[in-house]
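Breakdown of the fold
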Amino acid sequence: MRSGLAAVLLLAASAVRGGETGLPGLLREPPEVAAQAAVKALPAEAQIELFTLYARYNETVTQRGEEGWRAGLLSDEGTKVSQDDTLPARQLEESLRNREAEVRTLAQRLEKPENENEARLRRQYENAWKRAAALRSALARAKGTCLDWSDLVWAELGRLQPEYWSIQDRERAARPFHAAAVLCSPPADDEEAFCSDADPEGCAAGRRVCLAFDPWQRGQADVYELGAWNKGLFAGRVPADFFLHDLPEPKPVRTRRPKR
(Lines give C-alpha, C1' and ligand atoms only; values in the text may rest on other atoms or scores of the structure.)
Protein backbone atom coordinates (compact mmCIF):
# COMPACT_ATOMS: atom_id res chain seq x y z
CA MET A 1 0.00 0.00 0.00
CA ARG A 2 2.77 2.43 0.94
CA SER A 3 4.66 1.72 -2.27
CA GLY A 4 1.53 2.49 -4.30
CA LEU A 5 1.01 5.78 -2.47
CA ALA A 6 4.66 6.68 -2.97
CA ALA A 7 4.33 6.05 -6.67
CA VAL A 8 1.30 8.38 -6.87
CA LEU A 9 3.16 11.13 -4.98
CA LEU A 10 6.20 10.69 -7.19
CA LEU A 11 4.03 10.98 -10.28
CA ALA A 12 2.38 14.14 -8.94
CA ALA A 13 5.76 15.68 -8.13
CA SER A 14 7.07 14.98 -11.61
CA ALA A 15 3.96 16.55 -13.08
CA VAL A 16 4.56 19.73 -11.07
CA ARG A 17 8.19 19.86 -12.19
CA GLY A 18 7.17 19.30 -15.78
CA GLY A 19 4.49 21.98 -15.70
CA GLU A 20 1.67 19.52 -16.51
CA THR A 21 -1.88 19.96 -15.27
CA GLY A 22 -3.09 16.37 -15.35
CA LEU A 23 -4.93 16.65 -12.02
CA PRO A 24 -7.96 18.90 -12.66
CA GLY A 25 -8.25 21.84 -10.29
CA LEU A 26 -5.21 20.83 -8.24
CA LEU A 27 -2.21 22.01 -10.20
CA ARG A 28 -3.96 24.61 -12.37
CA GLU A 29 -2.97 28.26 -11.82
CA PRO A 30 -5.62 30.83 -10.84
CA PRO A 31 -7.00 32.60 -13.95
CA GLU A 32 -5.60 36.00 -12.94
CA VAL A 33 -2.12 34.46 -12.66
CA ALA A 34 -2.49 32.61 -15.96
CA ALA A 35 -3.61 35.84 -17.65
CA GLN A 36 -0.47 37.66 -16.49
CA ALA A 37 1.71 34.83 -17.78
CA ALA A 38 -0.14 34.91 -21.11
CA VAL A 39 0.44 38.65 -21.45
CA LYS A 40 4.14 38.25 -20.67
CA ALA A 41 4.39 35.64 -23.42
CA LEU A 42 3.17 38.14 -26.03
CA PRO A 43 5.57 40.26 -28.10
CA ALA A 44 6.89 43.31 -26.25
CA GLU A 45 5.01 45.64 -28.62
CA ALA A 46 1.69 44.01 -27.70
CA GLN A 47 2.49 44.26 -23.99
CA ILE A 48 3.43 47.94 -24.20
CA GLU A 49 0.27 48.69 -26.17
CA LEU A 50 -1.82 46.93 -23.52
CA PHE A 51 -0.26 49.02 -20.75
CA THR A 52 -0.90 52.17 -22.80
CA LEU A 53 -4.54 51.17 -23.21
CA TYR A 54 -4.79 50.52 -19.49
CA ALA A 55 -3.37 53.98 -18.71
CA ARG A 56 -6.12 55.59 -20.80
CA TYR A 57 -8.67 53.31 -19.13
CA ASN A 58 -7.47 54.33 -15.68
CA GLU A 59 -7.61 58.03 -16.56
CA THR A 60 -11.12 57.69 -18.01
CA VAL A 61 -12.53 55.83 -15.01
CA THR A 62 -10.94 58.28 -12.58
CA GLN A 63 -12.28 61.30 -14.48
CA ARG A 64 -15.82 59.94 -14.62
CA GLY A 65 -15.70 59.07 -10.94
CA GLU A 66 -14.81 62.68 -10.19
CA GLU A 67 -17.79 63.74 -12.34
CA GLY A 68 -20.12 61.73 -10.13
CA TRP A 69 -20.44 58.43 -11.95
CA ARG A 70 -21.38 55.73 -9.45
CA ALA A 71 -20.17 52.18 -8.85
CA GLY A 72 -22.56 49.25 -8.78
CA LEU A 73 -25.55 51.21 -10.13
CA LEU A 74 -28.33 48.66 -10.78
CA SER A 75 -27.69 45.10 -9.71
CA ASP A 76 -29.09 41.57 -9.59
CA GLU A 77 -30.22 39.94 -12.83
CA GLY A 78 -31.54 43.23 -14.19
CA THR A 79 -28.03 44.65 -14.54
CA LYS A 80 -28.19 44.49 -18.33
CA VAL A 81 -31.81 43.74 -19.28
CA SER A 82 -33.32 46.66 -17.36
CA GLN A 83 -31.11 49.11 -19.25
CA ASP A 84 -32.28 48.24 -22.76
CA ASP A 85 -34.73 51.18 -22.83
CA THR A 86 -32.09 53.90 -22.44
CA LEU A 87 -28.92 54.93 -24.21
CA PRO A 88 -25.56 54.71 -22.41
CA ALA A 89 -24.50 58.02 -20.87
CA ARG A 90 -21.72 58.67 -23.41
CA GLN A 91 -24.17 58.33 -26.31
CA LEU A 92 -26.64 60.62 -24.57
CA GLU A 93 -23.87 63.21 -24.15
CA GLU A 94 -22.93 62.94 -27.82
CA SER A 95 -26.56 63.21 -28.96
CA LEU A 96 -27.09 66.25 -26.75
CA ARG A 97 -24.01 67.99 -28.18
CA ASN A 98 -25.32 67.36 -31.70
CA ARG A 99 -28.79 68.70 -30.90
CA GLU A 100 -27.41 71.78 -29.15
CA ALA A 101 -25.24 72.50 -32.20
CA GLU A 102 -28.33 72.12 -34.40
CA VAL A 103 -30.27 74.57 -32.17
CA ARG A 104 -27.45 77.14 -32.43
CA THR A 105 -27.29 76.81 -36.22
CA LEU A 106 -31.05 77.18 -36.64
CA ALA A 107 -31.10 80.19 -34.28
CA GLN A 108 -28.46 81.90 -36.44
CA ARG A 109 -30.46 81.18 -39.58
CA LEU A 110 -33.60 82.61 -37.96
CA GLU A 111 -31.82 85.90 -37.31
CA LYS A 112 -31.48 86.42 -41.07
CA PRO A 113 -33.89 84.05 -42.83
CA GLU A 114 -33.39 85.83 -46.20
CA ASN A 115 -35.07 83.68 -48.87
CA GLU A 116 -35.75 80.73 -46.51
CA ASN A 117 -39.18 79.81 -45.25
CA GLU A 118 -39.20 81.42 -41.81
CA ALA A 119 -42.15 79.38 -40.53
CA ARG A 120 -40.45 76.11 -41.52
CA LEU A 121 -37.18 77.23 -39.91
CA ARG A 122 -39.00 78.08 -36.69
CA ARG A 123 -40.64 74.63 -36.59
CA GLN A 124 -37.23 73.00 -37.09
CA TYR A 125 -35.77 75.16 -34.31
CA GLU A 126 -38.57 74.29 -31.88
CA ASN A 127 -38.32 70.56 -32.63
CA ALA A 128 -34.55 70.60 -32.17
CA TRP A 129 -34.94 72.53 -28.90
CA LYS A 130 -37.48 69.98 -27.62
CA ARG A 131 -35.19 67.06 -28.54
CA ALA A 132 -32.30 68.75 -26.72
CA ALA A 133 -34.48 69.30 -23.65
CA ALA A 134 -35.52 65.63 -23.64
CA LEU A 135 -31.88 64.55 -23.87
CA ARG A 136 -30.93 66.85 -20.96
CA SER A 137 -33.67 65.23 -18.91
CA ALA A 138 -32.46 61.72 -19.81
CA LEU A 139 -28.87 62.67 -19.03
CA ALA A 140 -29.86 63.93 -15.58
CA ARG A 141 -30.27 60.32 -14.40
CA ALA A 142 -27.67 58.68 -12.20
CA LYS A 143 -24.75 57.43 -14.28
CA GLY A 144 -22.72 54.29 -13.73
CA THR A 145 -24.75 51.37 -15.09
CA CYS A 146 -22.73 48.56 -16.64
CA LEU A 147 -23.80 49.80 -20.08
CA ASP A 148 -22.59 53.32 -19.23
CA TRP A 149 -19.17 51.97 -18.24
CA SER A 150 -18.76 49.38 -20.99
CA ASP A 151 -19.77 51.78 -23.77
CA LEU A 152 -17.49 54.50 -22.40
CA VAL A 153 -14.45 52.22 -22.09
CA TRP A 154 -15.06 50.68 -25.54
CA ALA A 155 -15.22 54.14 -27.15
CA GLU A 156 -12.25 55.65 -25.31
CA LEU A 157 -9.89 52.75 -25.99
CA GLY A 158 -11.09 52.47 -29.59
CA ARG A 159 -9.97 56.06 -30.20
CA LEU A 160 -6.38 54.92 -29.65
CA GLN A 161 -6.73 52.57 -32.65
CA PRO A 162 -4.67 49.73 -31.16
CA GLU A 163 -2.69 47.55 -33.52
CA TYR A 164 -2.29 44.42 -31.38
CA TRP A 165 -5.56 44.31 -29.42
CA SER A 166 -9.16 44.04 -30.58
CA ILE A 167 -11.82 45.86 -28.53
CA GLN A 168 -15.43 44.77 -28.27
CA ASP A 169 -18.40 45.73 -26.11
CA ARG A 170 -19.36 42.28 -24.83
CA GLU A 171 -21.99 40.71 -22.59
CA ARG A 172 -21.50 37.81 -20.18
CA ALA A 173 -22.65 34.43 -21.42
CA ALA A 174 -24.54 33.68 -18.17
CA ARG A 175 -26.81 35.56 -15.79
CA PRO A 176 -26.62 38.28 -14.72
CA PHE A 177 -26.35 39.65 -18.26
CA HIS A 178 -23.61 42.13 -17.45
CA ALA A 179 -21.63 44.02 -20.13
CA ALA A 180 -17.99 45.14 -20.33
CA ALA A 181 -15.36 46.16 -22.84
CA VAL A 182 -13.26 43.11 -23.77
CA LEU A 183 -9.73 43.27 -25.18
CA CYS A 184 -8.21 40.27 -26.95
CA SER A 185 -4.71 39.79 -28.30
CA PRO A 186 -4.53 38.55 -31.89
CA PRO A 187 -4.42 34.78 -32.54
CA ALA A 188 -0.97 33.35 -33.12
CA ASP A 189 -2.10 31.70 -36.36
CA ASP A 190 -5.17 30.82 -38.41
CA GLU A 191 -5.86 27.74 -36.31
CA GLU A 192 -6.34 29.89 -33.22
CA ALA A 193 -8.55 32.44 -34.92
CA PHE A 194 -11.63 30.42 -33.93
CA CYS A 195 -11.17 31.17 -30.22
CA SER A 196 -12.05 34.86 -30.36
CA ASP A 197 -15.72 35.52 -29.73
CA ALA A 198 -17.29 32.11 -29.27
CA ASP A 199 -14.60 30.36 -27.26
CA PRO A 200 -11.91 32.61 -25.77
CA GLU A 201 -11.09 29.90 -23.22
CA GLY A 202 -10.12 27.48 -26.00
CA CYS A 203 -7.03 29.49 -26.85
CA ALA A 204 -3.63 28.06 -26.10
CA ALA A 205 -2.21 29.44 -22.86
CA GLY A 206 0.47 32.05 -23.41
CA ARG A 207 -0.50 32.62 -27.05
CA ARG A 208 -3.75 34.51 -26.77
CA VAL A 209 -5.37 36.35 -23.90
CA CYS A 210 -8.74 38.07 -23.48
CA LEU A 211 -9.39 40.58 -20.70
CA ALA A 212 -12.60 42.24 -19.47
CA PHE A 213 -12.10 45.91 -18.60
CA ASP A 214 -14.96 46.33 -16.14
CA PRO A 215 -15.06 49.19 -13.58
CA TRP A 216 -18.75 48.72 -12.71
CA GLN A 217 -18.47 46.91 -9.37
CA ARG A 218 -15.99 49.20 -7.58
CA GLY A 219 -15.74 52.28 -9.77
CA GLN A 220 -12.06 51.50 -10.30
CA ALA A 221 -10.04 50.50 -13.37
CA ASP A 222 -10.46 46.76 -12.79
CA VAL A 223 -9.43 44.10 -15.31
CA TYR A 224 -10.53 40.45 -15.27
CA GLU A 225 -9.47 37.31 -17.13
CA LEU A 226 -12.37 36.81 -19.53
CA GLY A 227 -12.98 33.10 -18.94
CA ALA A 228 -13.27 33.57 -15.17
CA TRP A 229 -15.37 36.73 -15.60
CA ASN A 230 -17.78 34.82 -17.83
CA LYS A 231 -18.17 31.95 -15.37
CA GLY A 232 -18.38 33.97 -12.16
CA LEU A 233 -18.98 37.69 -12.30
CA PHE A 234 -15.95 39.69 -11.08
CA ALA A 235 -13.81 36.56 -10.76
CA GLY A 236 -10.21 36.48 -11.96
CA ARG A 237 -9.33 40.12 -11.26
CA VAL A 238 -5.77 40.94 -12.35
CA PRO A 239 -3.85 43.21 -9.93
CA ALA A 240 -3.63 46.82 -11.13
CA ASP A 241 0.10 46.89 -10.37
CA PHE A 242 0.66 44.44 -13.19
CA PHE A 243 -0.52 47.01 -15.73
CA LEU A 244 1.09 50.00 -14.05
CA HIS A 245 4.57 48.73 -13.25
CA ASP A 246 5.34 45.40 -14.92
CA LEU A 247 6.63 46.83 -18.20
CA PRO A 248 8.76 44.64 -20.48
CA GLU A 249 12.45 45.44 -20.54
CA PRO A 250 13.50 47.32 -23.68
CA LYS A 251 15.80 45.48 -26.03
CA PRO A 252 19.41 46.70 -25.98
CA VAL A 253 20.31 48.88 -28.93
CA ARG A 254 23.54 47.98 -30.67
CA THR A 255 25.57 50.94 -31.82
CA ARG A 256 27.42 50.60 -35.08
CA ARG A 257 31.07 51.36 -35.12
CA PRO A 258 32.06 53.99 -37.66
CA LYS A 259 33.81 52.60 -40.68
CA ARG A 260 37.48 53.42 -40.96
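Residues numbered from 1 in each chain as written. Predicted model: local features only at pLDDT ≥ 70, side-chain atom pairs only at ≥ 80, totals over all residues. Heavy atoms only, no water.

**As for the confidence of the model for the chain**
This is how the line gets drawn: On a range of 0 to 100, pLDDT expresses the predictor's confidence in each residue. Here, residues are in contact when the closest pair of their heavy atoms is within 4.5 Å.
Per-residue pLDDT for the chain has a mean of 79; in total, 72% of the residues score no lower than 70. Note that residues 1-27 has pLDDT below 50 and, in this model, six contacts with residues that lie over four places away or in other chains.

**Some details on the nonpolar core**
Short version of the rule: Here, the term nonpolar core denotes a set of buried Ala, Val, Leu, Ile, Met, Phe, Trp, Tyr and Cys residues that are joined through side-chain atoms within 4.5 Å. Relative accessibility thresholds used throughout: buried, under 20% of the residue-type maximum; exposed, over 50%; partly exposed, between the two (1.4 Å probe, protein chains only). Helix and strand assignments come from DSSP, with helices taken as H or I runs of at least 4 residues and strands as E runs of at least 2, each series counted from the N terminus.
Counting residues in hydrophobic clusters, the biggest one holds 42 residues, and the most contacted among them are Tyr57, Phe213 and Phe243. Taken together, the elements giving at least two residues each to this core come down to helix H2 (31-40), helix H3 (44-66), helix H7 (146-158), strand E2 (179-184), strand E3 (210-213), strand E4 (223-225), helix H8 (226-231) and helix H9 (240-245). For this core, the leading source of residues is H3, giving seven residues. Excluding residues within four positions of it along the chain, Phe243 makes contact with Leu50, Phe51, Tyr54, Leu211, Val223 and Val238.

**Considerations on the pattern of salt bridges**
Formally: What counts as a salt bridge is simple: a side-chain nitrogen of Lys or Arg found within 4 Å of a carboxyl oxygen of Asp or Glu.
The full count for this structure, using the stated rule, is 12 salt bridges. The salt bridge involving Glu94 is made with Arg90; its shortest N-O contact spans 3.3 Å. Here Arg90 and Glu94 lie together in helix H5 (residues 89-111), a separation of four residues that amounts to about one turn. By relative accessible area, Arg90 is classed as buried at 11%. Linked through salt bridges whose partners overlap, the residues forming this network are Arg56, Glu156 and Arg159.

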